[in-house]
Amino acid sequence: MNTARFYSGLPVHTAALSELMEDETQFSAVPEDWHVILTDVCKSTQALSDGKHQQVNLVAAGSIIAALNIAHREDVELPFFFGGDGATLLAPPAIADAIEAALRVHRENTRVNFGLDLRVGRVAVADIYRNNVRLTIAKVDVNHQGLVIPVALGEGLLHAERIIKDGDAVAAAPAESETVDLEGMECRWDSIPPPANTQEVVCLLITVRRPERQAAIIAGVLKEIETTYGPLAQRSPVSRLALKLDKTVGKITTEMRARLGRFDFTYLAENWLRTVAGGLYFAFNREGSHYLDRLVQLSDTLMIDGRVTTVMSGTAGQRQLLVAALTGLEQKGDLVFALQVCSASVMSCYVRDRRDRHVHFVDGLGGGYTQASSVLKKKLAQQVVGAA
């Protein structure tokens, strides 16, 4: 049985995420012959300290873009999860080898151009199941505006991540003939200040500590976030009025090196001129205006891969209310959480066309997800020590 169309064939749910979590029969087991492919920038916290947060973010987004371009050519839809300093993908066997090969090239380009070490690893879903670990997935339109995201339950993706980060599933070196297609990668927007009436951007990571109650705990967390911050669109850190193009040569140069893996003066000159002209396009062109509206609607700010990862804007008071609620759940042993408060958000983009086929990867300025992840790892380590 050919499972390549497994994900594209899933129904798109439109119910509230918290409601969906209450009915796990709406989730489907990922086929055994699929693969989990993961990338992450090693020592990303140090890279942020070195001022490379833009490069880290773009390299992580590039991992997804490389895979999506391969999938597009084969008319396959892939679920993916962006994590700020890396990404997790699920891929069918027909294109898993091609994706891994492209990511090996992306890893080498990243090393040469930015001095960053990008880990690339792969685990068969069948191996996850052999360890009696569950991995189910659903597809959800989270804002009724076409932002369709994968939602994964079970410990499967976390299990694969542990295997890969322990070094047991690391990709080999690239062959000279291999290439990577990052067509559609863009990095043109300046840092984005919080929308009006908000004060800060919060990157929040939550790990569930009771796997048997994973769905119920995540549903409760999502309800708490909505009660405190409002629905997804209301708490989004990306607003049209705050969008501003960054016309500096340095910005385009970073995009160019990430996308091409080398310096190319023609690319630099052409795309700098396009960016300079972009202000007029977005201000006075109907299609440009439509693109900005869709950009806000298609900004990827919520990931559920067995954990909850989200970036949102709000006030200090809202954050304090949410922290109090999450602290109570943490003290009960339901979850562990960490957050990073940022002054703005940043965005890398994948644009197949400017009508409706684009997605935008959002993080907190200065590597908010990575900073929160560092805090979360310390809290989890302290719990292990305390339990010993």
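See above for the structure.
So, here's what we can say about the structure. (Residues numbered from 1 in each chain as written. Predicted model: local features only at pLDDT ≥ 70, side-chain atom pairs only at ≥ 80, totals over all residues. Heavy atoms only, no water.)

Attention now goes to the packing of helix 3 (residues 53–73) against helix 9 (residues 249–260). Two elements in contact, helix 3 and helix 9, have axes separated by 10 Å at closest approach and are oriented at 40°. Judged by the twist between their axes, the crossing of helix 3 over helix 9 is right-handed. Here Gln54, Gln55 and Leu58 of helix 3 come into contact with helix 9, specifically with Lys251, Thr254, Glu255 and Ala258. Considering only residue class, the contact of helix 3 with helix 9 consists of two nonpolar, three polar and two charged. (Axes fitted to C-alpha atoms, helices over the stretch in contact; angles between N-to-C directions. Helix = DSSP H or I, 4+ residues; strand = E, 2+ residues; numbered from the N terminus. Left-handed = near helix turned anticlockwise from the far one by under 90°. Contact = heavy atoms within 4.5 Å. Nonpolar A, V, L, I, M, F, W, Y, C, P; charged D, E, K, R; others polar.)

Attention now goes to the pattern of salt bridges. Under the definition given, this model contains 22 salt bridges. Of the charged contacts in the structure, one is a salt bridge between Asp40 and Arg119, with a shortest N-O distance of 2.8 Å. With a gap of 79 residues between them, Asp40 in strand 3 (residues 35–41) and Arg119 in strand 6 (residues 118–124) connect regions that are remote in the sequence. A salt bridge links Arg73 to Asp181; its shortest N-O distance comes to 2.9 Å. In this pair, Arg73 is assigned in helix 3 and Asp181 in the loop between helix 6 (156–165) and strand 9 (185–186), connecting sequence segments 108 residues apart. Note on Asp181: relative accessible area 30%, which makes it partly exposed. (Salt bridge = Lys/Arg side-chain N within 4 Å of Asp/Glu carboxyl O. Buried < 20%, exposed > 50% of the residue type's maximum accessible area, 1.4 Å probe, protein only.)

With seven of seven residues buried, strand 16 (residues 358–364) is to be regarded as a mostly interior element. Every second residue of strand 16 is oriented toward a common face, with His358, His360, Val362 and Gly364 on one face and Val359, Phe361 and Asp363 on the other, all of them buried. With two bridges joining them, strand 11 (residues 299–300) and strand 16 adopt parallel strand pairing. Its bridge partner being in strand 16, Asp300 is matched across the sheet by Phe361. Direction of pairing for strand 15 (residues 345–351) relative to strand 16: antiparallel, over a ladder of seven bridges. Across the sheet, Val351 pairs through a bridge with His358, a residue of strand 16. The loop that links strand 15 with its antiparallel partner strand 16 comprises six residues. (Pairing = 2+ DSSP bridges.)

What follows concerns the pairing of strand 3. Along strand 3, seven of the seven residues are buried, which leaves the element largely enclosed by surrounding structure. Burial along strand 3 is two-sided: the residues His35, Ile37, Thr39 and Val41 and Val36, Leu38 and Asp40 are all buried. Bridging between strand 3 and strand 5 (residues 86–91) involves six bridges; their strand directions are antiparallel. Note on strand 5: the bridge partner recorded for His35 is Ala91. Of the pairings in the sheet, the one linking strand 3 to strand 6 comprises seven bridges and is antiparallel in character. Opposite Leu38, over in strand 6, you have Gly121 as the bridge partner.

The terminal C-alpha atoms of helix 3, which comprises 21 residues, lie 31 Å apart, in line with the 30 Å expected from a rise of 1.5 Å per residue. In terms of residue burial, helix 3 counts as a mostly covered element, since 17 of its 21 residues are buried. Looking one or two residues past helix 3, Asp75 carries a phi angle of roughly 55°, positive in sign. (Expected span 1.5 Å × (residues − 1).)

Interpretation note: all reported values are geometric properties and have no functional meaning in isolation.
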